[in-house]
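Analysis of the macromolecular model
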Amino acid sequence: ILALLRANSTSAAPSESSLDKLSNFLIKSAEKQCSYAWADTVCINKESSAELDESIRSMYAWYLDSRICIVYLSETTNYANMERDPWFTRGWTLQELLAPRRLAFYSKEWKQITKSDSIKHPIEPIEPTEVVDRRMAKGDMMFWRRIANITGIDLNDFLEFKPGVYDIRKRMTWASKRKTTRIEDMAYCLIGIFDVDLSIAYGEKEKAFYRLQVEILQNSDDISLFDWQRFPSNYNSMLAASPACFSSPLGLRKDTSLPAGDDPTFAQTNVGIRIPLAIYPLSLDLWQRFARNMRRSPTVFSILGASSEPNHYVLLLLREREQPRQYERRALVEAELDIGFAKQAPVVVYIK
């Protein structure tokens, strides 16, 4: 493979450092008794849109079904300085952490950081010499606690992770401090984690993350999708512009003490997101606390749910549009509130 790559060198050919990385990757794969190896940098024909689409949408499943995933930490020399490695801040590597059953971490010099492969989920056969505590080798528990501290991902989430459209805020928060070279990839790298079907269309930029959220919304009733701050999507004010907006959530959760409507579902429509809300006029007190310095001030609010603090609620501040029952999201805030007034049943409204 390496000889062919060097022989067919072009302006777009891999650099020597890339070839060295590939060479070491193949050597380590062979040492792990793997007959085949796959690397996204050389195993995807990016000139074929069909192959690129299939590869991106299948990548999570490929990692899940692999015998082992080899992680190369290019700026790590030992266990102690692992947290500074850029591998932990890349968007695409999130699924490399969550999907595989086994991982082997290597330093800059291609020395294995852990004494053995890190086992998250047992695969058959498990060698008799391995000591398995719950679902992880006992010696790996400390290592994965370190990974949890670096990434902000709870240890149990590594052990129990399953893709799907639940725990949305938590999963978005994992991605909130990660980066990708192309804007669209911040959405595409989450396809497998949320287990949604999303077509690949490079050139759409921020619209990719909007489409991802719409796909999640159409398949989930988890209101934590709306627990974000700062910049709204250009396509709907109820949805976030990027995963970075989930870096400081308010802990929004459903509150069963609030009146419930006959239809708890929400969906994307041609006039905005259809959602049942109880709408109240914005009081002077709330306006002074949250909206007095806001351009295009909100005019009404709804109690979206409770927050993580006792007697605190998450309020959705809205601005009325010209059409009846249509609104624009202006802010999501947390406030201590006496909800004795909240007797009104939700009605279906549309947020654009």
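Residues numbered from 1 in each chain as written. Predicted model: local features only at pLDDT ≥ 70, side-chain atom pairs only at ≥ 80, totals over all residues. Heavy atoms only, no water.

1. Quick notes on the sheet that holds strand β11 (residues 326-336)
With respect to topology, seven strands assemble into an open sheet ordered β6-β7-β12-β11-β10-β9-β8, the strand pairing being mixed. Where the open sheet ends on each side, the last strands, each with one partner, are β6 (267-269) and β8 (280-281). Direction of pairing for strand β9 (residues 300-306) relative to strand β10 (residues 312-320): antiparallel, over a ladder of six bridges. Paired with Phe301 across the two strands is Leu317, which belongs to β10. (Pairing = 2+ DSSP bridges. Helix = DSSP H or I, 4+ residues; strand = E, 2+ residues; numbered from the N terminus.)

2. Overview of the pairing of β10
A regular strand places its side chains so that they alternate between the two faces of the sheet. Count of turn residues in the β9/β10 antiparallel hairpin: five residues, of which Asn311 carries a positive phi of about 60°. Connecting β10 to the antiparallel partner β11 that follows it, the hairpin turn spans five residues, and Arg325 within it adopts a positive phi of roughly 60°.

3. Examining the side chain of Ser302
Inspection of the secondary structure puts Ser302 in strand β9. The contacts of Ser302, once residues within four sequence positions are left out, are Leu277, Ala278, Ile279, Val314, Leu315 and Leu316. (Contact = heavy atoms within 4.5 Å.)

4. Quick word on helix α7 (residues 168-175)
Turning to α7, its buried residues are Ile168, Arg171, Met172, Trp174 and Ala175. An end-on view of α7 places all buried positions within 150° of arc, on one side of the element. On its buried face, α7 is in contact with α4 (93-98), α6 (155-160), α8 (185-188), α9 (191-194) and α10 (207-217). (Buried < 20%, exposed > 50% of the residue type's maximum accessible area, 1.4 Å probe, protein only. Arc of directions from axis to C-beta.)

5. Overview of the layout of surface pockets
The volume enclosed by the largest pocket comes to roughly 1400 Å³. Listing elements by their share of the lining of the largest pocket, those giving two or more residues are α2 (16-31), α3 (49-65), β1 (69-72) and α4. The biggest single contributor to the lining of the largest pocket is α2, with seven residues. Its residues placed into classes, the lining of the largest pocket shows 25 nonpolar, 11 polar and nine charged. When its volume is computed, the second largest pocket comes out at roughly 570 Å³. Every residue lining the second largest pocket is counted, 24 residues in all, and those nearest its centre are Pro259, Ala260, Pro276, Leu304 and Pro346. Of all elements in the fold, only β7 (272-277) and β9 reach the threshold of two or more residues within the lining of the second largest pocket. The leading source of residues in the lining of the second largest pocket is β9, at four residues. Its residues assigned to classes, the lining of the second largest pocket shows 15 nonpolar, five polar and four charged. (1 Å grid on protein atoms, 1.4 Å probe; cavity = no way out; pocket = protein on both sides within 12 Å on 5 of 7 lines; lining within 4 Å. Points joined across faces, edges and corners; volume = space filled by probe spheres on them. Nonpolar A, V, L, I, M, F, W, Y, C, P; charged D, E, K, R; others polar.)

6. Considering the pattern of salt bridges
Tallying each qualifying case throughout the model produces 12 salt bridges. Residues joined in a network through salt bridges with shared partners are Asp53, Arg57 and Asp197. (Salt bridge = Lys/Arg side-chain N within 4 Å of Asp/Glu carboxyl O.)

Without other data, these values stay purely geometric and don't point to any function.
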